[in-house]
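Working through the structure, step by step
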Amino acid sequence: DVKVTQSSRYLVKRTGEKVFLECVQDMDHENMFWYRQDPGLGLRLIYFSYDVKMKEKGDIPEGYSVSREKKERFSLILESASTNQTSMYLCASSLFVPGSSQHFGDGTRLSIL
Amino acid sequence: AQTVTQSQPEMSVQEAETVTLSCTYDTSESDYYLFWYKQPPSRQMILVIRQEAYKQQNATENRFSVNFQKAAKSFSLKISDSQLGDAAMYFCAYRSVTQGGSEKLVFGKGTKLTVNP
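Below, the structure is looked at part by part. (Residues numbered from 1 in each chain as written. Chains lettered and ligands numbered in written order. Predicted model: local features only at pLDDT ≥ 70, side-chain atom pairs only at ≥ 80, totals over all residues. Heavy atoms only, no water.)

A few words now on the pairing of strand 5 (residues 42–49) of chain A. All names here are of chain A. Counted residue by residue, strand 5 has seven buried out of eight residues, so it is predominantly covered. In the sheet, strand 4 (residues 31–38) pairs with strand 5 via seven bridges, with the strands oriented antiparallel. The partner of R36 across the bridge, within strand 5, is R44. Where strand 4 folds back on strand 5, the antiparallel hairpin that results is connected by three residues, among which G40 adopts a positive phi of roughly 80°. Of the strand pairs in this sheet, strand 5 and strand 6 (residues 56–57) are connected by two bridges, and their pairing is antiparallel. Paired with F48 across the two strands is E56, which belongs to strand 6. (Buried < 20%, exposed > 50% of the residue type's maximum accessible area, 1.4 Å probe, protein only. Helix = DSSP H or I, 4+ residues; strand = E, 2+ residues; numbered from the N terminus. Pairing = 2+ DSSP bridges.)

Moving on, we get to unusual backbone geometry. Here the phi dihedral of D28(A) falls at roughly 60°; this positive angle occurs in a residue that is not glycine. Residue position: D28(A) is located in the loop between strand 3 (19–25) and strand 4. We note that K73(B) has phi near 55°; this positive angle belongs to a residue other than glycine. The topology assignment puts K73(B) in the loop between strand 8 (64–69) and strand 9 (74–79). Classification of K73(B) by relative accessible area gives partly exposed; the value is 26%.

Take it as geometry only, folks, not as evidence of what the structure does.
Structure, rendered in structure tokens:
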């Protein structure tokens with residue numbers, strides 16, 4: 001069965017901290033994605049990657065960075081966390097095939113105090 | 001840029017009845033993919049159904065079917081014989097085919113479906 005695993009389900013951090021959200025997939029997918037989900041705004045793409053060490057900005061990359069050192073792992077980094085980054089973060093992966101569907105993790109609910 | 005609009009923030013349906021969720025999109029492309037995803041409360045987002053734009057036949061998955069109107073850029077989801085487990089946020093999504101496999105999804109804002117017993 002396909003699996004996308006996010007390292008934490010709930011996370012509480014303080015303003016100014018450097019925060020790492022980890023995502024691992026076991027499906028040998030080339031594409032990986034980080035979304036932010038807020039009520040009334042749907043899912044907004046932060047960054048995505050279609051290969052190791054490759055990354056592309058999504059719609060809202062400001063304040064975030066990513067790292068993809070291995071095919072199965074895609075990390076989202078909040079360089080200096082701020083309260084407006086309190087949100088639900090979803091990781092997803094998909095094959096590098098036109099039209100392939102994305103598989104999602106359970107999400108990390110991040111609170112910045 | 002493509003956009004996806006879900007005009008119904010919330011919908012409700014009685015158990016065993018049928019409900020239709022609306023989705024419209026805007027694109028200048030002729031070939032693309034459309035998806036409906038379901039996100040139950042506090043649970044993982046999962047794929048419900050997928051439609052390829054070049055296929056005229058509407059996709060069906062058990063109790064879930066779509067009404068794909070390409071000219072009208074409309075992609076509605078019909079849930080028949082609604083069950084309590086269908087209660088969730090439903091997201092419509094668009095995926096281009098122009099980038100050789102690395103295309104991102106464009107999501108609507110979602111429709112919250114409540115199923116009443």
